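Descriptive analysis of the structure
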Amino acid sequence: MRVSTSMLFGMGREAIQRQSAEFANTQLQLASGKRILKPSDDPVAAARALEVSHSKGVNLQYRENQGYAQDALRRVDGVLASASELITYVRSRAVEAGNPTYTQAERTAIAADLRAQYEQLRGLANTRDAEGNYLFAGFGIDAEPFPGDIASDVATNPTGPTSYAGDGGIRRLQVSASREMPVGTPGDRIFGTAGAGVFEDMRTLIVRLESGTYDTAVDSGNAISAMDAALDVALTERASVGSRLVELDALDYASGDYDLQYAETLSRLQDLDYAEGISRFTQQQTLLEAAQQSYVRVTGLSLFNFLR
Amino acid sequence: MPGMLGAGLSALNAANAGLITTSHNISNANTAGYSRQTALYASNFPQLSGSGFFGQGVQIQNVRREYDQFLNQNVLSAATRHQYSATYRDAVAPLDNLLSDENAGLSSALAAFFRGVNDVANNPASIPARQAMISLGDSLASRFNAMDTQLRELREQTEGQIASSVALINGYATRIAELNAQLMRSETAGPSIQANDLRDQREQLLYELGELVNVSSQEDAQGMLNVFVGSGQSLVLGTSANAFKVVPDGVDPARGIIALQTRAGDVTLPESLLNGGRLGALLGFRSEVLDRVQNELGGIAKEVSRSFNEQHRLGLDLQGNAGGDFFRDLGAVSARDAMAAFAVALTDPQAIAAADGSGGAGNNENALVLAGLQTEKVFGGTATFQSTYAQLVTFVGNKSREVQVSARAHESQLQQAKSARESLSGVNLDEEAANLIRFQQAYQAAARVMSLSGTLFDEVLSIARR
């Protein structure tokens, strides 16, 4: 075939340009560690990578939500533990007050102790989280669920002590794609409302102890069984919280697993196989050098060089 | 011996013609579209004598250009195809990068916004969390706005390139018509003795025209090159040229459509007829890719706003009031304009309706549903925001890949077609160097013949002197 001079130059130039373009692309891949630099490099893998990294992000969000749920449940659990201890202590005081040899002065002393316990329990029921929100107020977390004080509960309002000011809302958090976990407990469930529950039972006991007509058998008996019932409520709630914490641990483990799987899939889709990349880089370098050298050699040949 | 002097002179002229042609070839070795020329010789009519025919030397018949209609046609159509796919490739490339870019694409902004919604679901009473959700909504809006700006810029650039391509096409058409006229004046001996260089120039103009738009051409008996576009609309007819014109689209005045100005008035050319070259690629990119991307992204913007607002209005805010629109309502905005109009309507963090109908500061029921929209199949129950976006990225990626691959294939086709033409028409400097030596020697030999004929004549004269 006849070869024209401009074709000779043109083909050499094209070859060098093509090699340089591929060389530069490999260089970018090596520098970024990515096989896919833009979707057109591998549209199918790029779309899949977009979906996977979205799923990875959502999974990460669930893990974060699990953290919130765990914090909230741990706080509830802590309060319930203290409340249980307190109720147990009140029960032991009720047993003590059942001693028929006790004088009224001694009963009044027990009552004074119980007044302090009553306020402590109110403190527990009005526990706030780090953001200042009440833990046992249902959805109305910005208002004290158990307002008032012992003096007015016992003296000025003998029939209706501490009443529940919150609502029945139970806060839930999305801890996995299919699980909205309850993390709140309305306070009335644990501490009762006006006329019933542990506050009412303690108030009755205090009023009876201070009345001077304390019946050691009947009143102490009532108080002991009331405290047993209250303890039952608190422990049942604690067990429920505990089982949710266990569930969270399992979920955390599962989402950690998913995260790893998503990361592996992403890496497989996008990342450069360095061994392959480097060997391709070296090969392209050789080819580019060959193209450059042959260009210089071939274009250097001219018959005019010999016409002198 | 007058015959000898005459033959020597004709040989000298012939060698001179060869040297001129060779020099011309050497000078035009790098001229685009140049076809190498060859001087053609024939022996002169011999003189009859009693003892037979005596040769009368050489004559120059013609200067021929090494040209093949078929090879040139191949180059032209390969160039039209290559320019189409290469222009398309370059036009799609910015979109290909834009959509998938971590910082410029929609994906990360959408994900960040829903993180904000989740944070409100986790801490419904927290003003900072609510403020963060609004701020993240703002950054989602600014991402939509920025993408819109970039797409609009891309559209403006495309319109600008369409207009400049049309201007170039008109320029080439006019110059081809001018060359037709010039050829008619120059080729006075008829098309058999061709004005080689003018024809090469005209061929080159046709090639450059073919890079811009798909054309067909026909040379008539007078040697006029007639050029047609589309389904046979004439762009150049003899010595007159029609012009393309960009006219505003009736529906969308910012969109230019192509019309051909003829004596009978403007003829609008459908895009399907202009499907090659640079112009064809730009028109194709505009309607196949740009329109779709802009409309689909706009559709996502509208759907984000619609579905989020719809759910948001079902809830109660921190004050117990019914929720309003979180994003600006885009119901009345077209998909094309939706990205630009996308904005957060709320400014007061308390107005985020995180609670459901029962209210309360700690009520996060509505926020949970809002956060769930991220994975909800809101598009006709089959696709989420994210998967709709991913489909669009795949579409652009596929299209970009497709034109990259065809650009590469068309480039090698063009190279092959050019090589085939070059192998006939191209100048090889080594060959010309050899010719230079050949004609130089022929010239020297002719001069020798003439000087010998002079010497011989002197011999005759010297007889008379004796």
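Just so it is clear, the model here is predicted, and its values are computed rather than measured.

1. Here we look at the overall build of chain B
Across its full length, chain B holds ten helices and eleven strands. Expected size for 466 residues packed as a compact globule is a radius of gyration near 23 Å; at 37 Å, chain B overshoots this value by more than 25%. The principal-axis extents of the C-alpha atoms in chain B amount to approximately 145 × 50 × 30 Å. Evaluated residue by residue, chain B yields a buried proportion of 43% over its 466 residues. Taking all contacts inside chain B whose residues are at least 6 apart in sequence as the whole, residues at least 24 apart take part in 68%.

2. With respect to the overall build of chain A
Counting secondary structure elements, chain A contains eight helices and two strands. The order of α-helices and β-strands along chain A, N terminus first, is α-α-α-α-β-β-α-α-α-α. Taken over the C-alpha trace, chain A has a radius of gyration of 39 Å; the compact-globule value for 308 residues is 19 Å, which it surpasses by more than 25%. Considered along the principal axes of its C-alpha atoms, chain A spans approximately 140 × 30 × 30 Å.

3. A few points about the nonpolar core
A173(B), I176(B) and L209(B) are the most contacted members of the largest nonpolar core, which totals 160 residues. For this core, the leading source of residues is helix α2 (residues 43-97) of chain A, giving 19 residues. When near neighbours in sequence (up to four residues on either side) are disregarded, A173(B) contacts L209(B), V227(B), L235(B), V236(B), A241(B) and A243(B). A14(B), A15(B), L436(B) and A446(B) belong to the second largest nonpolar core, which has nine residues in total.

4. Some thoughts on the sheet that holds strand β5 (residues 215-219) of chain B
Residue and element names in this part refer to chain B. Reading across the sheet, the four strands line up as β5-β6-β7-β8 and stay open at both edges, with antiparallel pairing between neighbours. Looking along the sheet, the strands with just one partner apiece sit at the ends: β5 and β8 (240-241). Relative to strand β7 (residues 233-237), strand β6 (residues 225-229) is paired through three bridges, and the arrangement is antiparallel. Its bridge partner lying in β7, F228 is registered against S234. Contacts from helix α5 (residues 196-212) reach β5 and β6, with the element oriented near 5 degrees to β6.

5. Brief notes about α5(B)
Residue and element names in this part refer to chain B. The terminal C-alpha atoms of α5, which comprises 17 residues, lie 25 Å apart, in line with the 24 Å expected from a rise of 1.5 Å per residue. Along α5, twelve of the 17 residues are buried, which leaves the element largely enclosed by surrounding structure. Listed as buried for α5 are R199, D200, Q201, R202, E203, L205, L206, E208, L209, G210, E211 and L212. Tucked inside the fold, the buried residues of α5 contact β4 (58-65), α2 (69-100), α4 (127-186), β5, β6 and α6 (277-312).

6. A look at the packing of α2(B) against α6(B)
Residue and element names in this part refer to chain B. Closest axis-to-axis distance for the α2/α6 pair is 8 Å, and the angle between their directions is 30 degrees. Regarding α2 and α6, the two cross each other, and that crossing is right-handed. On α6, the residues touching T80, Q83, Y84, T87, Y88, A91, V92 and L95 of α2 are G277, R278, G280, A281, L282, G284, F285, V289 and V293. Taken together, the residues that form the contact of α2 with α6 break down as ten nonpolar, six polar and one charged.

7. Things to note about the interface of chain A and chain B
Size of an interface, as often reported, equals the accessible area lost when the parts are brought together. Taken together, the contact pairs 43 residues of chain A with 50 residues of chain B. Counting residues per element, the ones that place at least two in the side of chain A that touches chain B are α1 (5-32), α2 and β1 (172-176) of chain A. Looking at which element gives the most residues to the side of chain A that touches chain B, the answer is α2(A), with eleven residues. By residue class, the composition of the side of chain A that touches chain B is 18 nonpolar, 15 polar and ten charged.

8. Overview of helix α6 (residues 198-211) of chain A
Residues and elements named next belong to chain A. Look at α6: 20 Å from first C-alpha to last across 14 residues, which is about the 20 Å you get at 1.5 Å a residue. Counting buried residues in α6 gives ten out of 14 residues, a clear majority hidden from the surface. Within α6 the residues assigned to the buried category are V198, F199, E200, D201, M202, R203, L205, I206, R208 and L209. G212 occupies a position one or two residues after α6 and carries a positive phi of about 85 degrees.

9. A few points about the sheet that holds strand β11 (residues 265-268) of chain B
All names here are of chain B. Read across the open sheet, the three strands follow the order β9-β10-β11; overall the sheet is antiparallel. Two strands lie at the open edges of the sheet, namely β9 (243-248) and β11, each paired on one side alone. Recorded for the sheet is a direction-independent mean angle of 40 degrees between the axes of neighbouring strands. Inspection of the sheet shows β9 paired to strand β10 (residues 256-262) by six bridges, in the antiparallel sense. Within β10, the position partnered with P248 by the bridge is G256.

10. Points about the pairing of β10(B)
All names here are of chain B. As judged from the four bridges shared by β10 and β11, these two strands associate in the antiparallel manner. Following the sheet pairing, L260 is matched in β11 by V267. Here β10 folds back onto β11 in antiparallel fashion, the turn holding two residues.

11. Thoughts on the confidence of the model for chain B
Here chain B shows a mean pLDDT of 92. Residues at 70 or above account for 99%. Per the prediction output, this complex has pTM 0.86; the corresponding ipTM is 0.83.

12. So, the packing of helix α3 (residues 107-122) of chain B against helix α8 (residues 365-372) of chain B
In a pair of packed helices, the angle between the axes and the distance between the axes together describe the arrangement. All names here are of chain B. The N-to-C vectors of α3 and α8 enclose an angle of 160 degrees; their axes lie 8 Å apart at closest approach. Viewed along their axes, α3 and α8 adopt a mutual orientation that is roughly antiparallel. Along this stretch, α3 crosses α8, giving a crossing that reads as left-handed. On α8, the residues that touch F114, V117, N118, V120 and A121 of α3 are A367, L368, L370 and A371. When its residues are assigned to classes, the contact of α3 with α8 shows eight nonpolar, one polar and no charged.

13. Observations concerning the environment of S32(A)
Residues and elements named next belong to chain A. Position of S32 relative to the elements: it lies in helix α1. Given 13 C-beta atoms within a 10 Å radius, S32 is considered partly exposed. Sequence-wise, S32 and L272 are 240 residues apart; in three dimensions their C-alpha atoms are separated by 8.6 Å.

Parameters and conventions
Residues numbered from 1 in each chain as written. Chains lettered and ligands numbered in written order. Predicted model: local features only at pLDDT ≥ 70, side-chain atom pairs only at ≥ 80, totals over all residues. Helix = DSSP H or I, 4+ residues; strand = E, 2+ residues; numbered from the N terminus. Rg over C-alpha atoms; globule rule 2.2 N^0.38 Å. Buried ≥ 20, exposed ≤ 12 C-beta atoms within 10 Å, placed from the backbone. Contact = placed C-beta atoms within 7 Å. Core = buried A, V, L, I, M, F, W, Y, C linked by C-beta atoms within 7 Å. Pairing = 2+ DSSP bridges. Axes fitted to C-alpha atoms, helices over the stretch in contact; angles between N-to-C directions. Expected span 1.5 Å × (residues − 1). Left-handed = near helix turned anticlockwise from the far one by under 90°. Nonpolar A, V, L, I, M, F, W, Y, C, P; charged D, E, K, R; others polar. pLDDT = per-residue confidence, 0-100. Parallel < 35°, antiparallel > 145°, perpendicular 65-115°, else oblique.

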